[in-house]
Amino acid sequence: MTVFARDICYFNQEEVLDHPKKISLMKEKILAGDIYIAKRVYPPEMVLEIRDYLKRVGQNSLPNYHPIEEGAPNFHRMNIWDERSYVKACFHQFSFFPWNQDVFALFDKARDVYRIKNLITGLPENKFIGRTPEEGCAARLSFQFYPKGSGGMNKHSDPVDHHQIAVPMLIMSQKGKDFMKGGGFAEKENGIKVDVDAACEIGDVVYFNAQIPHGVDIVDPATGSRWLDFEGRWILLFAINKLADNTAIANARELI
Ligand SMILES: [Fe+2]
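What comes next is a walk through the structure. The structure displayed is predicted, hence computed values, not measured ones.

Analysis parameters
- Residues numbered from 1 in each chain as written.
- Predicted model: local features only at pLDDT ≥ 70, side-chain atom pairs only at ≥ 80, totals over all residues.
- Heavy atoms only, no water.
- Helix = DSSP H or I, 4+ residues; strand = E, 2+ residues; numbered from the N terminus.
- Expected span 1.5 Å × (residues − 1).
- Buried < 20%, exposed > 50% of the residue type's maximum accessible area, 1.4 Å probe, protein only.
- Arc of directions from axis to C-beta.
- Contact = heavy atoms within 4.5 Å.
- Salt bridge = Lys/Arg side-chain N within 4 Å of Asp/Glu carboxyl O.
- Donors = N, O, S within 2.8 Å, 3.2 Å for Na, K, Ca; no water.
- Phe/Tyr/Trp six-rings, centres within 6.5 Å; stacked < 30°, edge-to-face > 60°.
- Lys NZ or Arg CZ within 6 Å of the ring centre and 35° of its normal.
- Axes fitted to C-alpha atoms, helices over the stretch in contact; angles between N-to-C directions.
- Parallel < 35°, antiparallel > 145°, perpendicular 65-115°, else oblique.
- Nonpolar A, V, L, I, M, F, W, Y, C, P; charged D, E, K, R; others polar.

### As for unusual backbone geometry
Thought 1: The backbone of Arg40 sits at a positive phi, close to 45°, despite the residue not being glycine.
Thought 2: Positive phi outside glycine occurs at Glu135, with the angle close to 50°.
Thought 3: As for its placement among the helices and strands, Glu135 is situated in the loop between α4 (106-121) and β5 (137-147).

Listed below in structure tokens is the structure:
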């Protein structure tokens, strides 16, 4: 059964973390399609500092692909509507794994988001965020940059299984300032798109049922830009991915 987007609910992440009743209500509503937005989880200045760091990494080192497996290095790569992807997309991705060094201690900063993600799934709060994979899955912080003029992702739904019901997303750009058109959407039952980016500010974290049809409309389609300008839309996904050799969990599915 397909789940569609319903209402947007704003909440304070700290008020939910140690309250099992609030967690179970959040779980129930996310399963039904509500979109939860935690306001200002991260200071915008910190988000911009990380964005600037990634921009410099992207400008000054070669993009490369690595499969998701234990011990994989942090890496960045470009995906330009790659035919081999389960979901066709055009973006630049920077992946971080919990077993590697990183200058911003990103997994420490991400801990509370992963805790909520696990709790609403019904898992122990620190599941999957240790230094080694568990049950064929590993945490991955996936920064995604969608350049103006070409960045986007086809409508799809992501697998909901024992490992997750939502893939939290940190908003790292401001729609209306960093870009004007396109960006992240989640679809309602009547086909109307919820403009997720327009409902958020830099530093907010969005939680929604990964089964909801969602995608990224081309960012500022009439604007030309170059990859290395890094002008467009930035987000961070708090992912838990199956390792390359795990066939027990389904792949993401395109819906076009
Ligand atoms: Fe997705």
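### Remarks on helix α2 (residues 20-32)
Thought 1: With 13 residues, α2 extends 18 Å from end C-alpha to end C-alpha; this agrees with the ideal 18 Å at 1.5 Å per step.
Thought 2: By the burial criterion, the buried members of α2 are Ile23, Met26 and Ile30. The buried residues of α2 all sit within an arc of 65° when viewed along its axis, so they share a single face. Exposed side chains of α2 directed beyond 90 degrees from the buried face belong to Lys21 and Glu28.
Thought 3: Looking at the buried residues of α2, the elements they touch are β1 (8-11), α1 (13-17), β2 (35-38), α4 and β10 (205-207).
Thought 4: Once α2 ends, the next one or two residues include Gly33, with phi positive near 120°.

### Some remarks on the pattern of salt bridges
Between side chains of opposite charge, pairing is possible as soon as their charged atoms come close.
Thought 1: One pass over the structure, following the stated rule, counts 19 salt bridges.
Thought 2: With a shortest N-O distance of 3.7 Å, Glu134 and Lys127 are connected by a salt bridge.
Thought 3: Judged by relative accessible area, which is 13%, Lys127 ranks as buried.
Thought 4: Because the salt bridges share partners, they merge into one network encompassing Asp18, Asp112, Arg115 and Glu125.

### A word on the coordination of the iron ion
Ideal geometry at a metal centre: 109.5 degrees between donors when four sit tetrahedrally, and 90 or 180 degrees when six sit octahedrally.
Thought 1: For the iron ion, the protein coordination sphere consists of His156 (NE2), Asp158 (OD) and His214 (NE2), at 2.1 to 2.2 Å.
Thought 2: All donor residues of the iron ion come from one chain, and their arrangement in sequence is H-x1-D-x55-H. One end of the pair, Asp158, is in the loop between β6 (152-157) and β7 (169-171); the other, His214, is in strand β11 (residues 214-217), and 56 residues separate them in sequence.
Thought 3: Given the relative accessible area of 9%, His214 is considered buried.

### A closer look at the packing of aromatic side chains
Thought 1: All chains considered together, the criterion is met by 15 aromatic pairs.
Thought 2: Each ring, one from Tyr114 and one from Phe238, has its centre 6.0 Å from the other, and the planes form 80°; the classification is edge-to-face. On the criterion of sequence distance, the pair formed by Tyr114 in helix α4 and Phe238 in strand β12 (residues 232-242) is long-range, its members being 124 residues apart.
Thought 3: Judged by its relative accessible area of 1%, Tyr114 is buried.
Thought 4: Chaining the aromatic ring pairs together yields one cluster made of Tyr65, Phe75, Phe97 and Trp99.
Thought 5: Its guanidinium or amino end placed over the ring of Phe128, Lys127 lies 5.5 Å from that ring's centre, counting from NZ or CZ.
Thought 6: In this structure, Lys193 is placed above the aromatic ring of Phe185, and the distance from its NZ or CZ to the ring centre is 4.4 Å.

### Remarks on the side chain of Asn209
Thought 1: Looking at the element boundaries, Asn209 is found in the loop between β10 and β11.
Thought 2: Judged by its relative accessible area of 1%, Asn209 falls in the buried class.
Thought 3: In contact with Asn209, other than residues within four places in its own chain, are Val3, Ile30, Leu31, Val160 and Ile165.

### Let's talk about the environment of Thr247
Thought 1: Inspection of the secondary structure assignment puts Thr247 in the loop between β12 and β13 (253-254).
Thought 2: Relative accessible area serves as the criterion here: at 76%, Thr247 is assigned to the exposed category.
Thought 3: Sequence separation between Thr247 and Gly136 is 111 residues; the distance between their C-alpha atoms is 9.1 Å.

### Concerning the packing of α2 against α4
Thought 1: The geometry of α2 relative to α4 is characterised by a closest axis approach of 9 Å and an angle of 75° between their N-to-C directions. Considered as vectors, α2 and α4 are oriented roughly perpendicular to each other. Counting all contacts with α2, which are made through Ile23, Met26, Lys27 and Ile30, the residues of α4 involved are Ile116, Leu119, Ile120 and Thr121.
Thought 2: In terms of residue class, the contact of α2 with α4 is built from 6 nonpolar, 1 polar and 1 charged.

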